[in-house]
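Residues per chain are reported as follows:
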Amino acid sequence: MTSSSSPSQDTKRLAHAYPEGLRADALMEEDVAWSHEIDGERDGDQFDRSERAALRRVVGLSTELEDVTEVEYRQLRLERVVLVGVWTTGTAQDAENSLAELAALAETAGALVLDGVIQRRDKPDAATYIGSGKAAELRDIVLETGADTVICDGELSPGQLIQLEDVVKVKVIDRTALILDIFAQHAKSREGKAQVALAQMQYMLPRLRGWGQSLSRQMGGGRGGLATRGPGETKIETDRRRIREKMAKMRREIAEMKTGREVKRQERRRNKVPSVAIAGYTNAGKSSLLNRLTGAGVLVENALFATLDPTVRRAETPGGRLYTLADTVGFVRHLPHHLVEAFRSTMEEVGDSDLILHVVDGSHPTPEEQLAAVREVIRDVGATDVPEIVVINKADAADPLVLQRLLRVEKRSIAVSARTGQGIAELLALIDDELPRPAVEVVALVPYTHGKLVARAHAEGEVLSEEHTAEGTLLKVRVHEELAADLAPYTPVSA
C-alpha cells in the first residue's frame, strides 16, 4: 500500500486531455498530474486519508460455528475474542499473516475467534495502542459480535492495557499473555511448569492492579505511639513483595533441576557421544521428525506449542555411530522475552549440541520469516557457532516452487516429509557426514577376550574396517584420545 492520495477529477481530466508526447509539458504546468492508465498499474490501489486510517477487517479469521446449539455449547467453555493488530511496517499481507498466526494461537488456547481488525499507524498509540477514536470503533465491534475478550497482536504496557479496557469495557490481553497461557496449559514436566510459572510472574509483576494507597498497613514501631500509623505497606506492595519472593524460590528450584540435566550432559560428553538438537518454528513438525528418526513416540498434534518439554533420544547413523537427538521447544515470532529467559536452561540443549537440525514448514506461506524468527532466538541463546542443517519439512504438501527457492537460498538444506518418509534416508546420511568425527585413527588387533574394547570402538568411534582373524578382531577405527590410549597396546607391529 502506498501513501499517495486518490487523484482529483481535475487531474484526471488533465491527464486525458494532453497527448502522450505533451505529457511532460502538462507535468510542468500542474503540481500533480496522474494518469490511471500509466500510474495506476505502477502504484497499485490508491486510498484516501480516511480509508488509510480505517480499521481494516481481516477476512477468514472467524471460527464461529453456524450450528446454534453447537455455538451455545461452546460458549460454556470458550472465550469469545476479537483480534486487533497495528500495522506499522511491511506490506498489508505481512500484517494479515501476523494476525492469522494470532488467531491460531487463540484457537490453541481454547478461544473462539469472532473477528479480526488491523489499524494502520506509524507506531502504536502510547495510551490505547490503536488510538482513542479507533478504540471506540473497536468497542462497537465488541458489542456487535458479543465478544468478551480483546487480544492485541503485540506486547502492551500496563497503561495501555488499563486504558484500552476502560474504553472497550471487556478484558484485554496481549500476545505475550496469550503465549504464556498456552505454555501453562501444555507444560507437563516439573521443570516445564516451573519455567512457565516464573515467566508468568515476571510478566505479571509490573501489571498488578490494586486500590492505590488504600488498604495501607501500620508502620510498626513497638507498642504504638506517635508516627506508627500509616501509610505503611499498601496491599499492592505486599502482593509485589510476595511475587518477588516466589520468583526467587522458583529460580532456585530451576537452578537445581538444571544441575541434574547438566550431569546427564557431562556424562554424554565423557562418553564422547555427539548431540544433535532439533530446533524450529512451532508446528513445523519437529516432534514428527524426532519420531520418524528414532521412534520416540512423542505427542504429535496439529497445534501450536503442542510439546514443550525437551525430549532426548538415542539414535544411530547409517555407519553405526551413536548420537543423541534432542527435541526442543518451538519458537514463534515475537517470542516473549520472559519465556526466553525462563526457558534458557532448556534451550541450552541447542547451544551445547554439535549440530542443529533447523526444521521449517515448507507448506507455510512465509517460511523465510519462520527461519529468521528462529535464528533470532538461536542468537539469543548463544548458539550461532553450531553447524546448522535446514530441514524443509512437509515437502509432500509444499509448493514445488517454494521448495526450489528455499533449497537454492539455503545452501545446507534438504527437503523431507516426516509423514511419508520422503528424504529421511538422505537426511540420516547428511547427519552422518556433518557430525564431528573422532580425531585419532587407530589400527588394533584386539584379542577376543577383550570384546568390551570392540564394543566401545563401535559405540564411541567410527569403525572404518573390521576383520576377524585367528588372533582376534582387527580394527581400523577413528576414536577419541582416551579410547586410542586403551587400544594402543594392541597395535600390530606391522602397523
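Our structure is the block above this text.
Calculation criteria
Residues numbered from 1 in each chain as written. Predicted model: local features only at pLDDT ≥ 70, side-chain atom pairs only at ≥ 80, totals over all residues. Heavy atoms only, no water. Buried < 20%, exposed > 50% of the residue type's maximum accessible area, 1.4 Å probe, protein only. Helix = DSSP H or I, 4+ residues; strand = E, 2+ residues; numbered from the N terminus. Arc of directions from axis to C-beta. Contact = heavy atoms within 4.5 Å. Salt bridge = Lys/Arg side-chain N within 4 Å of Asp/Glu carboxyl O. Axes fitted to C-alpha atoms, helices over the stretch in contact; angles between N-to-C directions. Parallel < 35°, antiparallel > 145°, perpendicular 65-115°, else oblique. Left-handed = near helix turned anticlockwise from the far one by under 90°. Nonpolar A, V, L, I, M, F, W, Y, C, P; charged D, E, K, R; others polar. Phe/Tyr/Trp six-rings, centres within 6.5 Å; stacked < 30°, edge-to-face > 60°. Lys NZ or Arg CZ within 6 Å of the ring centre and 35° of its normal. Right-handed = clockwise from strand over helix to strand, strands pointing away. Pairing = 2+ DSSP bridges.

A. Representation of helix H16 (residues 400–409) within the structure. All of the buried residues in H16 are Val402, Leu403 and Leu406. Each buried residue of H16 lies within a common arc of 100 degrees when the element is viewed along its axis, so the set occupies one face. Of the exposed residues in H16, those oriented more than 90 degrees away from the buried face are Pro400, Leu401 and Arg408. Looking at the buried positions of H16, the neighbouring elements they touch are helix H15 (367–380), strand E10 (388–393) and strand E11 (413–415).

B. Spotlight on the pattern of salt bridges. For the coordinates displayed, the defined rule picks out 16 salt bridges. A salt bridge links Glu155 to Arg207, with the shortest nitrogen-to-oxygen separation between them at 3.5 Å. With Glu155 in the loop between strand E4 (149–152) and helix H8 (158–168) and Arg207 in the loop between helix H10 (190–204) and helix H11 (235–270), this residue pair connects regions lying 52 residues apart in the sequence. Linking Lys394 and Asp361 is a salt bridge whose minimum nitrogen-to-oxygen distance equals 3.3 Å. Residue Lys394 is found in the loop between E10 and H16, and its partner Asp361 is found in strand E9 (residues 355–361); the two are separated by 33 residues along the sequence. The class of Lys394 is partly exposed, set by a relative accessible area of 23%. A relative accessible area of 8% places Asp361 in the buried class.

C. Examining the environment of Thr328 more closely. Inspection of the secondary structure assignment puts Thr328 in the loop between strand E8 (322–327) and helix H13 (337–342). Given a relative accessible area of 4%, Thr328 falls into the buried group. Spatially, the C-alpha atoms of Thr328 and Val350 are 7.7 Å apart, while their sequence positions differ by 22 residues. Excluding its chain neighbours within four sequence positions, the residues that come into contact with Thr328 are Ile278, Ala279, Lys286, Glu349 and Val350.

D. Highlighting the packing of helix H7 (residues 132–145) against H8. In contact at an axis separation of 8 Å, H7 and H8 are set at 50 degrees when each is read in the N-to-C sense. Classified by the interaxial angle, the pair formed by H7 and H8 is oblique. Between H7 and H8 lies a crossing of right-handed hand. Residues Ala135, Ala136, Leu138 and Arg139 of H7 lie in contact with H8, whose contacting residues are Leu164, Val167 and Val168. Within the contact of H7 with H8, the residues separate by chemical class into 6 nonpolar, no polar and 1 charged.

E. Molecular detail of the packing of aromatic side chains. Counting across every chain of the model gives 0 aromatic pairs. A cation sits over an aromatic face here: Arg120 above Trp87, 4.5 Å from the ring centre.

F. Main features of the pairing of strand E2 (residues 79–87). Within E2, 8 of the 9 residues are buried, which leaves the element mostly enclosed by the surrounding structure. Handedness of the β-α-β unit built from E2, helix H6 (residues 92–108) and strand E3 (residues 111–120) comes out right-handed. Direction of pairing for E2 relative to E4: parallel, over a ladder of 4 bridges. In the strand pairing of E4, Val84 is matched with Cys152.

G. Fine view of the packing of helix H9 (residues 175–186) against H10. Running from N to C, H9 and H10 cross one another at 155 degrees; their axes reach a closest spacing of 10 Å. In terms of orientation, H9 lies roughly antiparallel with respect to H10. In the packing of H9 onto H10, the handedness of the crossing is left-handed. Residues Thr176, Ala177, Leu180, Phe183 and Ala184 of H9 lie in contact with H10, whose contacting residues are Val196, Ala199, Gln200 and Tyr203.

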